[in-house]
Amino acid sequence: METYTPEEQVALAPYFTNLDGPVFALVNLPEVVKGALFARYSRSPKSLRRLFLDEFLEQASAGGPPSIGTARAERLYERVFSEYGDDSVAQLGGVHLACEGASNILTKVLEWGRLMAYLEQSTRYIPYTDRPGGRWRYHVPAELEGHPLRPRYVETLDRAFETYVRWIEPLRAHWTARLPRPSGTSDTAWSSTIRAKALDSLRGLLPAATRSSVGIFGTGQGYEALLLRMRRHPLAEVRDYADRMMVELRKVIPAFLQRVDRPDRGGVWSDYLDEARRTTAQLAERLLVGLEPEPRSEVTLTDFDPDGEIKVVAAALYASSRLPDDQLLAIARKLGPEERNQVLEAYAGKRTNRRHKPGRAFERTAYRFDVLGDYGAFRDLQRHRLLTLEWQPLTTRHGWVFSEEIETVGALPDWRRVMDDAAGLYEALVAAGFSEVAQYAVTMAYRMRYYMELNAREAMHMIELRTSPQGHPAYRRICQAMHRLIAGQAGHRAIAAAMTFADLSDAEEGRLSAERAAEKRRSGG
Ligand SMILES: Cc1cc2nc3c(=O)[nH]c(=O)nc-3n(C[C@H](O)[C@H](O)[C@H](O)COP(=O)(O)OP(=O)(O)OC[C@H]3O[C@@H](n4cnc5c(N)ncnc54)[C@H](O)[C@@H]3O)c2cc1C
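No experiment lies behind these values; they were computed from the predicted model shown. Counting restarts for each chain: residues are numbered from 1 in the order of the written sequence. The predicted nature of this model means local features are confined to residues of pLDDT at least 70 and side-chain atom pairs, given and counted, to a pLDDT of 80 or more, with totals for whole chains, interfaces and linings taken over all residues. Excluding hydrogens and water, the side-chain values take into account all heavy atoms of the structure.

**Concerning the side chain of Arg49**
The cut-off we apply is this: Secondary structure counts use DSSP, requiring at least four H or I residues in a row for a helix and at least two E residues in a row for a strand, with both numbered from the N terminus. Here the term buried applies to any residue with accessible area under 20% of the maximum for its type, exposed to any over 50%, and partly exposed to those in between, with areas from a 1.4 Å probe on protein chains only. We score Asp and Glu as negative and Lys and Arg as positive, and we do not count His or the chain ends. Counted as salt bridges are all cases of a side-chain nitrogen of Lys or Arg within 4 Å of a carboxyl oxygen of Asp or Glu. For this analysis, a polar contact is any N or O atom pair within 3.5 Å, provided that within protein one partner can donate a hydrogen and the other can accept it, and provided that sequence-adjacent residues contribute only side-chain to side-chain pairs. In what follows, residue pairs with any heavy atoms lying within 4.5 Å of each other are defined as contacts.
Tracing the backbone shows Arg49 in helix H3 (residues 48–56). The side chain of Arg49 sits in the buried core without any salt bridge; Asp20 is the nearest counter-charge, 6.0 Å away. At 3.4 Å, the side chain of Arg49 forms a polar contact with the side chain of Tyr4. Leave out the neighbours within four places in its chain, and Arg49 touches Met1, Tyr4, Leu12, Phe16, Asn18, Leu19, Asp20, Gly21 and Phe24.

Written as structure tokens, this is what we have:
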């Protein structure tokens, strides 16, 4: 290992978690310096700590402490990233960025990218009962400023929030009476379960304009892609947040975002995305004019490979053999069902919890599902990144859903009124030429259409996670249907059987047992 003089050790110590091992972390350094240091690996035989001493630590002229050479790092970025177009360096620095007060429409724009990490306020644990500044927590689109429909928008959304708040207590009472409180459940676990159930029941009343907070952790590259999309978005709110994000990100990673707003770089890039989107929309309008959607179930399996299971068997054998891919496929075809099952069982292994996942052979076959489900469930399922998911604009034209307890407590007439008002407002906005803005008025109980195309490995992850009893009943139902279709319609029984943690029950008390388990963990019990 390289050694350092005592002076060098003093200079290095604040920035590296050790000075004598081959594995170390970089701390207390600007993102651009960390990125530039890594970027130097590609052209320098020196160790990282030596590079830091030689190239990035600048000696103070008047005997003061040395400083970090960010200017040099920025120049390196300018050259490698902007001039050579080596985008890998844009992945070498990251930012935690908070986006507060974002409508639910905007949250989905923010959460579109696959390569970032997100954490969003939960509609299950945060009741939307407060009125900061005297206003319910929803976004009023700037597009409606001064327009005669604005007062109707505010009135309609106010009423939706008032209805939501009014029914929280009756639903709490309903769930308290309905769910037996098992002995040994603390007051905290019990009240948290009951409140979550009540809020789950009511979230369908919340409009897409409801404001939320999203925490994002991503690399410069992830942010660049996001901003390029946001800057030409048809909604003013999205463009406004793009501007704000640029300002804040430039305070932390300016070197990573040089291209975004340069007219000849990011400008033409955003124009390209925007033009392709608009041209396709115009063409679709012309080609599909007058066509009405045919009726479909909530979940339809629209594409799968009848040979999928055989292909997974071949892929499972691949890494343990020396044979070519196509030869293995021919062999897998000749195996009997018992042998194939043996291979799949061995490959899936003895899973003792859902995090024990079989390997990439399960990525050899895929499923495409078209879903016509409520917007609330979509919000949750959209968070999965290792799949292809696209959705159609929110509308009130696919009808709405409600759960049994809404009728039981007598809330259905109010529920219907909120839905009817939302539909009326939506149609009025569309008629006035605000078809993008009209989406803000759509409440979470309204159905929307989206597809999810995913391989069997991601299907296992998503189905097992999203059927767990503590999940929302709406997405549990969708994922249970996906599981049934994989086993039944696709005939991939062994793949479905490998999803041993898919919970196909309609257990009411699931969340309670999860809360109890969480509490036990917290108390170290
Ligand atoms: C009961 C429940 C409550 C929830 N509550 C909240 C909540 O309050 N707020 C909230 O924001 N979310 C909540 N979620 C959503 C959850 O946090 C995840 O966002 C969601 O499950 C999708 O992400 P994923 O990592 O599970 O899977 P996917 O995105 O489908 O990814 C599959 C796997 O790929 C890997 N992976 C994917 N992307 C990355 C990446 N960028 N970096 C590293 N590895 C990656 C991980 O191994 C991951 O498990 C909740 C989910 C459940 C089931």
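There's plenty left to go through after this.
**Observations regarding the side chain of Thr156**
Relative to the helices and strands, Thr156 is located in helix H6 (residues 149–166). Judged by relative accessible area, Thr156 falls into the buried class, the value being 10%. At 2.6 Å, the side chain of Thr156 and the backbone oxygen of Arg152 are in polar contact. Not counting residues up to four positions away in its chain, the partners in contact with Thr156 are Asp421, Ala422 and Leu425.

**Here we look at the pattern of salt bridges**
Pairing is possible between side chains that carry opposite charge, provided their charged atoms lie close to one another. Scanning all chains against the criterion turns up 36 salt bridges. A salt bridge links Asp271 to Arg232; the nearest nitrogen and oxygen atoms lie 2.6 Å apart. Taken together, the residues Asp271 in helix H11 (residues 263–287) and Arg232 in the loop between helix H9 (220–230) and helix H10 (236–252) connect sequence positions 39 residues apart. Among the salt bridges present, the one from Arg244 reaches Asp240, with a minimum N-O distance of 3.1 Å. Pair noted here: Arg244 and Asp240 are both in helix H10, with a separation of four residues, about one helical turn. Each member of the salt-bridge network shares a partner with another, and the members are Glu2, Glu8 and Arg50.

**Focus: the environment of Leu454**
Counting through the fold element by element, Leu454 comes out in strand E9 (residues 447–455). Residues Leu454 and Phe369, 85 residues apart in the sequence, show an inter-C-alpha distance of 8.5 Å. Among residues more than four places away in sequence, those in contact with Leu454 are Thr365, Ala366, Tyr367, Phe369, Leu387, Ala459, Met462 and Met482.

**With respect to the environment of Leu329**
Take Leu329: it is sitting in helix H13 (residues 325–334). Sequence separation of Leu329 and Arg131 is 198 residues, and the distance between their C-alpha atoms is 62 Å. Setting aside residues up to four positions removed in sequence, Leu329 forms contacts with Ile310, Lys311, Ala314 and Arg364.

**Focus on the packing of aromatic side chains**
Spelled out, the test is: Centre distance within 6.5 Å is the pairing criterion for rings of Phe, Tyr and Trp, where only the six-membered ring of Trp is used; planes under 30 degrees apart are then read as stacked, over 60 as edge-to-face, and the remainder as tilted. Here, over-ring charges are defined by two tests on the NZ atom of lysine or the CZ atom of arginine: distance to the ring centre within 6 Å, and angle to the ring normal within 35 degrees.
Inspection of the entire model under this criterion finds 15 aromatic pairs. Ring centres 5.3 Å apart and planes at 75 degrees place the aromatic pair Phe16 and Phe52 in the edge-to-face group. In this pair, Phe16 sits in the loop between helix H1 (6–12) and helix H2 (31–41) while Phe52 sits in helix H3, placing the two residues 36 residues apart along the sequence. Of the two residues, Phe16 and Phe52, neither departs from the other in class, the shared state being buried. One aromatic cluster in this structure is built from Trp112, Tyr375, Phe378, Trp391 and Tyr450. Over the ring of Trp175 we find Lys197; its NZ or CZ atom is 4.2 Å from the centre of that ring. Its end group placed over the ring of Tyr475, Arg466 keeps NZ or CZ at 4.7 Å from the ring centre.

**A short note on the site of the ligand**
So the rule is basically this: When we say a residue is near a molecule or strand, we mean one of its heavy atoms is within 4 Å of it. Accessible surface area values rest on a Shrake-Rupley calculation with a 1.4 Å probe, where residue burial reflects the displayed protein chains alone. Side-chain classes are defined by residue name, with Ala, Val, Leu, Ile, Met, Phe, Trp, Tyr, Cys and Pro counting as nonpolar, Asp, Glu, Lys and Arg as charged, and the others, Gly among them, as polar.
Neighbouring the ligand are 13 residues; Glu120, Arg383, His384, Arg385 and Glu458 lie closest to it. Between Arg383 and the ligand, the recorded distance is 2.8 Å, taken from a side-chain N or O atom to an oxygen atom. Protein contact buries 63% of the 930 Å² of open area that the ligand shows by itself. Looking at the shell around the ligand, the elements with two or more residues in it are strand E4 (117–120) and helix H18 (456–466). When residues in the shell around the ligand are grouped by element, the largest group, four residues, is from H18. For the shell around the ligand, the class distribution of residues is five nonpolar, three polar and five charged.

These values are about where atoms sit, not about what they do.
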